[in-house]
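Breakdown of the fold
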Amino acid sequence: MIITKRLAVGALALLAALAGGVAPAGAADGPAKESPKVELVLDVSGSMRARDVDGQSRMAAAQQAFNEVIDAVPDNVRLGIRTLGANYAGDDKETGCRDSKQLYPVGKVDRTEAKTAVATLRPTGWTPIGYALRGADQDLGTDGGTRRIVLITDGEDSCGMPDPCDVARELAAKGTHLTVDTLGLTQDDKTREQLSCIAEATGGTYTTVRHTKELSGRIKQLVRRADTPVETPKPVKGADACSTAPEVGGGIWTDRATFGEHRWYRVTVKPGQELRASVSVGADRAVDRDYGVLVRAVGESGQELVRGSDAGSGRTDVMASGLRLPVWKAKEDDKEPRTVCLEVSHSFSAPASVKRDPGLPLELAVDVVKAPDNPSDLAAFGLGRGWALLAVLGVTGLLVGLLWGWLARWRFAVWREN
Amino acid sequence: MRRTTRVLTAVALAAAALLGSATGATADDEAPTEAGTAFRTAVAIEQGEKATADASTGDYLYWQFPAGAGQRATVKATVNLPEASARHGAATWQLDVFDGLRRRQACTSGDRTVRASGQDTTVALSCTLRTVRPWSERWANDPLPGAYYIRLTVVDVPDRDLGLPVKAEVEATAEDAGGARAEGGALGAPLHAAAVAEPEDGWNGSWWSGRWGWTVGGAVLCALAAVGGYTLTRHPRRR
């Protein structure tokens, strides 16, 4: 009887455990809240009818690529699709330039549903890229996780205002970690310039597509890239003087620094610790040929402690430098933490036609680690090396031997005399 | 005496050679097939591992690899260019190496900037760094143990060639610089090394170096010379 009871209790416990084990798995069906989000923005304007991608129309190539991409989306990536120029075929610019719709909401992908939605698309209207980018940014929301827009288009913005490149920079400056990758289906100069500019403004990439295989391969790569775990930087707003600078601890921080501006931050370092700081200033727009970046660690009294700098010219994405600052104990029981100010400045400049606001993206990586004491000797374990060492040791040994022998002889002589 | 030193030096050299060859670690897992697009997203590779990446002309490709004290690292990169018919002229490719603090590192040898003509199919770049030191003064930008970033990009290209597909391959190797470069001191922690694997000999290099042979040899020489000198002058019993 007792045994039966025990068995029953055991079975119940087992069931409960199973249920308990199953329930969270069921809840974790959808992607996690922090999972990466990608929105594909597809141009469905009239020009997509052109048949110049491997003999099929640009639209057909894009649809085929989308099907492959939808099949290959990693499980924890939330994918959405937005179209531009898909619905209004008329001549009214006002209406045509507001023609951008979310085709498939950002979330876990239902493969059949998404493919059906894509299959219905027919090349139709205008190319409001700037408007579509704003819409895509809203679709992605702001609930954490990396955010990526992949823009596929075959022509430059046909609406003019807002300028898509300015829109991209403005969205990137909102501090919501947005990257826009662009793919161009034509080799037209103006399209390329505009798409490169959008990509550059957000730290994304630009690709020219000539074959269907390249298109699907590249989109898949970009979706995978969104899925790569990466430390998300925290926003900070540097001050223009050390006394008012915000306190930053270990981690990665982002800020914006416009041309000619100096940004100050404060870090607290205890004696026996080492401050490490790296700074990158991005060139997210057209800049003049020569540029540089300088990061200085300044003590409370205003004295420069150490600096890092770099300069260059030509095509670049960022200019970076860094510094390390070990803080030694002034006396045996020195526990007083020091405040170190970090001053970041850059010497990027731009032609007058280039917009000043928002400033250039600045990334600051701060790390505070335990520092060892000043090493007593820079040779490995104080060991020596080389023929000079052998000569010194050999001659010294010989001289000591001779002296010792002479002493022994002298003592022997003295002893015999006595 | 001399013979002893020679033997000791030979032993030391043999050991160094063994250790040196061992640093080219063989990777069991598959080599990365992607590259990062910024310092923050740099893809970690191991020493001796060939990483590849498909990219577009104009992309900035980032990788990071570990290097410990006493190692002299060499980065090699090969870019397979788009077919010549699609291109519009010559392009200049460049390899930059930065330390874990994103400080630019000098290349002591190698072709870090290479101009490819309109007909070339590949570009080969390389950069050999200075020997990594276990410690340096804070004002110096000497190479220190930790991660090293590789950035590969095209620095000069006809605008019309931007966006064309390329395939890049990078490999970072390191050779042991030997006892002549063995140094003391240590950092509290390697520079930004969270993402990369520690080299086989550790971040501070192997404790062994040819210097042990020289120092022990010197001590033996000193003792023998002392005994020799003593016997030369004393000889009390022969009188």
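Residues numbered from 1 in each chain as written. Chains lettered and ligands numbered in written order. Predicted model: local features only at pLDDT ≥ 70, side-chain atom pairs only at ≥ 80, totals over all residues. Heavy atoms only, no water.

On to a nonpolar patch on the surface, then. A cluster of nonpolar side chains, contributed by A:L403, A:W404, A:W406, A:L407, A:W410 and A:V414, occupies part of the molecular surface with about 660 Å² of accessible area. Positionally, A:W406 belongs in helix α9 (residues 387-417). (Patch = residues over 30% accessible without salt bridge, like charges linked within 9 Å, V, L, I, M, F, W, Y side chains within 5 Å. Areas by Shrake-Rupley, 256 points an atom, 1.4 Å probe, with all protein chains shown as cover. Salt bridge = Lys/Arg side-chain N within 4 Å of Asp/Glu carboxyl O. Helix = DSSP H or I, 4+ residues; strand = E, 2+ residues; numbered from the N terminus.)

All right, on to the interface of chain A and chain B then. Contacts between the two partners involve 69 residues from chain A and, on the opposite side, 70 residues from chain B. For the pair chain A and chain B, the summed buried surface comes to about 6000 Å²; carbon and sulfur atoms form 56% of the total. Together, A:R315, A:R324 and A:R385 form the three largest contributors to the area buried by chain A at its contact with chain B, with a combined 14%. Where chain A packs against chain B, one counts seven salt bridges. One salt bridge connects B:D59 with A:R218, and the closest N-O pair in it is separated by 3.0 Å. At the junction of chain A with chain B, the criterion picks out 36 residue pairs in polar contact (both at pLDDT 80 or more). Where the side of chain A that touches chain B is concerned, the elements lending two or more residues are α7 (189-202), β6 (206-208), α8 (212-227), β10 (273-282), β12 (304-313), β13 (318-327), β15 (360-370) and α9 of chain A. The element best represented in the side of chain A that touches chain B is α9(A), accounting for 15 residues. (Contact = heavy atoms within 4.5 Å. Buried area = accessible area lost by both parts, 1.4 Å probe. Polar contact = N/O pair within 3.5 Å; in protein donor to acceptor, adjacent residues only side chain to side chain.)

Before going further, it helps to examine the pattern of salt bridges. Residue and element names in this part refer to chain A. Using the criterion set out here, one finds 43 salt bridges over all chains in the structure. With its nearest N and O atoms 2.8 Å apart, the salt bridge here joins D137 to R147. Taken as a pair, D137 in helix α5 (residues 129-140) and R147 in strand β4 (residues 147-153) lie far apart in primary sequence, 10 residues in all. Grouping residues by exposure puts D137 and R147 together as buried. Among the ionic contacts, a cluster of salt bridges with common partners joins D166, R169, R256, D284, R285 and K355. (Buried < 20%, exposed > 50% of the residue type's maximum accessible area, 1.4 Å probe, protein only.)

Turning our eyes to something else, we now look at the sheet that holds strand β5 (residues 178-184) of chain A. Note: strands within a sheet are paired through backbone hydrogen bonds, in either parallel or antiparallel orientation. Residues and elements named next belong to chain A. Pairing within the open sheet is mixed, and its six strands lie in the order β3-β2-β1-β4-β5-β6. Here the strands that pair on one side only, and so sit at the sheet edges, are β3 (100-107) and β6. For this sheet the average axis-to-axis angle between neighbouring strands, irrespective of direction, equals 15°. (Pairing = 2+ DSSP bridges. Axes fitted to C-alpha atoms, helices over the stretch in contact; angles between N-to-C directions.)

Let us look at the domain arrangement of chain A. Residue and element names in this part refer to chain A. Split by domain assignment, chain A resolves into domain 1 (37-227) and domain 2 (234-370). Between the C-alpha centres of domain 1 and domain 2 the distance comes to 35 Å. Of the residues lining the interface, six residues belong to domain 1; the matching set on domain 2 comes to seven residues. Between domain 1 and domain 2, a total of about 680 Å² is buried, with carbon and sulfur atoms accounting for 53% of that surface. Contact with domain 2 buries area across many residues of domain 1, yet R169, A173 and E200 alone supply 63% of it, more than any other trio. (Domains from an automatic or database assignment.)

This paragraph deals with the pairing of strand β8 (residues 146-156) of chain B. Residues and elements named next belong to chain B. Counted residue by residue, β8 has nine buried out of 11 residues, so it is predominantly covered. When strand β5 (residues 91-99) meets β8, the two strands line up antiparallel, connected through eight bridges. Its bridge partner being in β8, Q94 is matched across the sheet by T153.

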